[in-house]
Amino acid sequence: MKTSELNFDYPQELIATYPQHPSRVLHNLNGQNLELQWSEFLSQFKSGDILVINNTKVLKRRVFSDDGHEILFLDSPTDQSQMGRDQKYETWSVLFPSKKLKLGDKIPMPLGLTAELIQKGIPQTIKLSEPVDEDYFNKVGELPLPPYIQKARNERRNREGENTAYQTIWAEKPGSLAAPTASLHFSPQDLEFLTSKGVEIITLTLHVGLGTFLPVTADSLEEHVMHEEWVEIPSHHWKKIKDAKANGQSIWALGTTVVRSLESQALGRFELRHHSYSGTTDLMIRPGFEFQIVDRLLTNFHQPQSTLIALVMAFAGKDNVLRTYQWAIEKKFRLFSYGDLTYWKQG
């Protein structure tokens, strides 16, 4: 599939720069579009259905250097297991505009540290003058908002209240570099309401990284290299999902990260360790993919040329998704991470 087939035009003013509650909900069923009120949307859930959510927590890994560089710290190359986040490391994989820098150049960092650029590329590698752990980032870092929100706001720094606005209410396990933003629409009252209807809410963990938010730059999706992301699904949760699926109940995936986790597990990507299926996945879901688990997809609008819109196209059809996005733009739905919710249903 050509990357150009993931393109669509949209007005910049529709980029949401703050969350809105309740969200507007676009419902697409077999190519038909309509807008649901939030209460109407919640009424779509049936007793016995399962809603699967991602309980990852976003890390404060965006750091501004003393000379103005905006650096997103990924993982230390010496810690690829997603474990040991209380460990201290000197060497880090990062993302930042480094075109004007040479290998060996030094960057002044907060709290008197210095970073040396030791490898270019995507991502880059830097070495700090002393090891740091999550305490350092909690002191000097910010949550890594998507660059398009910063551009739409004309502000580089986080706003007051962002630590709450860009974190899900059930964020539990630290490890993400971006929020699973479909989850931002839900309140504790919503979960209580769904539970009272007989809906079972099940958690898993996918730590959002480059595999989710890195844009496709290759000419075709087949040429795009997906970065691996860490997933953990408790074995008793997976059993409940499989049993519900076998009994004809609907499996609702809240966000594309949940879809990738569930469909990766269905393909046998993870090993059973300590009562959980865990491991990394580089699964790219694109048109032609056969879904084994997910019946209902809840997700935000996604940017052109992203693996995320390719996933939605795989679920609902390329032409249908493009027509629906055009309809939403005409209706002035709010776009992207802080934007409105879409509800896709097969059959």
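These numbers were taken from a predicted model, which means no experiment stands behind them.

Moving on: the overall build of the chain. Scanning the chain for helices and strands turns up ten helices and 18 strands. A compact globule built from 347 residues would reach a C-alpha radius of gyration of about 20 Å, and the chain, at 20 Å, matches this within 12%. Projected onto the principal axes, the alpha-carbon positions of the chain cover approximately 60 × 50 × 40 Å. Relative to all contacts within the chain whose residues are 6 or more apart in sequence, the contacts with residues 24 or more apart total 73%. Summing over all exposed atoms, the chain offers an accessible surface of approximately 15,600 Å²; the carbon and sulfur share of this is 48%. Once the 38 positive and 42 negative side-chain charges of the chain are each reduced to a mean point, those two points are 2 Å apart.

Before going further, it helps to spend a moment on the sheet that holds strand β3 (residues 50-54). The strand order β2-β1-β18-β17-β14-β3-β12-β13-β16-β15 describes an open sheet built from ten strands, whose pairing is mixed. Bordering the open sheet on either side are β2 (32-36) and β15 (271-273), each of which pairs with just one other strand. Sheet twist, expressed as the average angle between the axes of neighbouring strands with direction ignored, equals 25°. In terms of strand pairing, strand β14 (residues 251-254) meets strand β17 (residues 296-300) through three bridges, oriented parallel. Bridged to tryptophan 252 within β17 is arginine 296.

Below, the discussion takes up the nonpolar core. Among the nonpolar cores identified, the biggest contains 60 residues, and Tyr166, Ile241 and Leu262 are the most heavily contacted of them. Setting aside residues no more than four positions away along its own chain, isoleucine 241 makes contact with Ile50, Val52, Ile202, Ile251, Leu262 and Ile293.

Here we come to the packing of helix α9 (residues 307-316) against helix α10 (residues 318-330). Look at α9 against α10: their axes get within 7 Å of each other, and the N-to-C directions meet at 115°. One element, α9, and the other, α10, form an angle in the roughly perpendicular class. For the crossing formed where α9 meets α10, the hand is right-handed. Counting all contacts with α9, which are made through Ile309, Val312, Met313 and Ala316, the residues of α10 involved are Lys318, Asn320, Val321, Leu322 and Tyr325. For the contact of α9 with α10, the class distribution of residues is seven nonpolar, one polar and one charged.

Before going further, it helps to examine the environment of histidine 275. Of note, histidine 275 is situated in the loop between β15 and β16 (276-281). In this structure histidine 275 comes out as exposed when scored by relative accessible area, which is 65%. C-alpha separation for the pair histidine 275 and phenylalanine 73, spaced 202 residues apart in sequence, amounts to 31 Å. In contact with histidine 275, not counting residues within four places along its chain, are Pro234 and Ser235.

Of note, threonine 299 is situated in strand β17. Setting aside anything within four residues of it in sequence, one finds threonine 299 in contact with Ala182, Thr256, Val312, Asp340, Leu341, Thr342 and Trp344. Polar side-chain contacts of threonine 299 include one of 2.6 Å to the side chain of histidine 302.

Of the two faces of strand β6 (residues 70-73), the one holding Glu70 and Leu72 and the one holding Ile71 and Phe73 are both buried throughout. Where strand β5 (residues 62-64) meets β6, three bridges bridge the pair, whose relative direction is antiparallel. Its bridge partner lying in β6, valine 63 is registered against isoleucine 71. Where β5 folds back on β6, the antiparallel hairpin that results is connected by five residues, among which glycine 68 adopts a positive phi of roughly 95°.

For the coordinates displayed, the defined rule picks out 23 aromatic pairs. Measuring from ring centre to ring centre gives 5.0 Å for tryptophan 38 and phenylalanine 41, while their planes differ by 50°; the resulting arrangement is tilted. Taken together, the residues span about one helical turn, with tryptophan 38 and phenylalanine 41 both in helix α1 (residues 38-42) at a distance of three residues. For the pair tryptophan 38 and phenylalanine 41, one class covers both residues: buried. With a centroid separation of 6.1 Å and an interplanar angle of 40°, the aromatic rings of tryptophan 327 and phenylalanine 333 are classed as tilted. You can call phenylalanine 333 buried: its relative accessible area is 0%. Three or more aromatic residues joined by ring pairs make a cluster, and in this case those are Phe8, Tyr10, Tyr148, Phe301, Tyr325, Trp327, Phe333 and Phe336. The ring of phenylalanine 333 is capped by arginine 24, whose NZ or CZ atom sits 3.9 Å from the centre of that ring.

In this section: the side chain of histidine 185. You can see histidine 185 is positioned in the loop between β11 (173-176) and α5 (188-196). You can call histidine 185 buried: its relative accessible area is 7%. Of the polar contacts made by the side chain of histidine 185, one reaches the side chain of asparagine 300; its length is 2.9 Å. Within the structure, histidine 185 has its side chain in polar contact with the backbone oxygen of glycine 339 (distance 3.4 Å). What histidine 185 contacts, discounting residues up to four positions off in sequence, is His21, Ser23, Trp38, Asp190, Asn300, Gly339, Asp340 and Leu341.

Another aspect to go through is the pattern of salt bridges. Per the stated rule, a full pass over the model turns up 19 salt bridges. Across the salt bridge formed by arginine 260 and glutamate 229, the nearest N and O atoms sit 2.3 Å from each other. Of this pair, arginine 260 sits in helix α8 (residues 256-266) while glutamate 229 sits in strand β13 (residues 229-234), placing them 31 residues apart in sequence. Side by side, arginine 260 and glutamate 229 carry an identical accessibility label, which is buried. The closest approach of N and O atoms between lysine 318 and aspartate 319, which form a salt bridge, is 3.1 Å. Accessibility expressed as a relative area gives 46% for aspartate 319, which makes it partly exposed. Bridged by salt links that share partners, the residues Arg62, Glu70, Glu142, Arg156 and Arg157 form one connected network.

Thresholds applied
Residues numbered from 1 in each chain as written. Predicted model: local features only at pLDDT ≥ 70, side-chain atom pairs only at ≥ 80, totals over all residues. Heavy atoms only, no water. Helix = DSSP H or I, 4+ residues; strand = E, 2+ residues; numbered from the N terminus. Rg over C-alpha atoms; globule rule 2.2 N^0.38 Å. Contact = heavy atoms within 4.5 Å. Areas by Shrake-Rupley, 256 points an atom, 1.4 Å probe, with all protein chains shown as cover. Lys, Arg positive; Asp, Glu negative; His and termini not counted. Charge placed at Lys NZ, Arg CZ, Asp CG, Glu CD. Pairing = 2+ DSSP bridges. Axes fitted to C-alpha atoms, helices over the stretch in contact; angles between N-to-C directions. Core = buried A, V, L, I, M, F, W, Y, C linked by side-chain atoms within 4.5 Å. Buried < 20%, exposed > 50% of the residue type's maximum accessible area, 1.4 Å probe, protein only. Parallel < 35°, antiparallel > 145°, perpendicular 65-115°, else oblique. Left-handed = near helix turned anticlockwise from the far one by under 90°. Nonpolar A, V, L, I, M, F, W, Y, C, P; charged D, E, K, R; others polar. Polar contact = N/O pair within 3.5 Å; in protein donor to acceptor, adjacent residues only side chain to side chain. Phe/Tyr/Trp six-rings, centres within 6.5 Å; stacked < 30°, edge-to-face > 60°. Lys NZ or Arg CZ within 6 Å of the ring centre and 35° of its normal. Salt bridge = Lys/Arg side-chain N within 4 Å of Asp/Glu carboxyl O.

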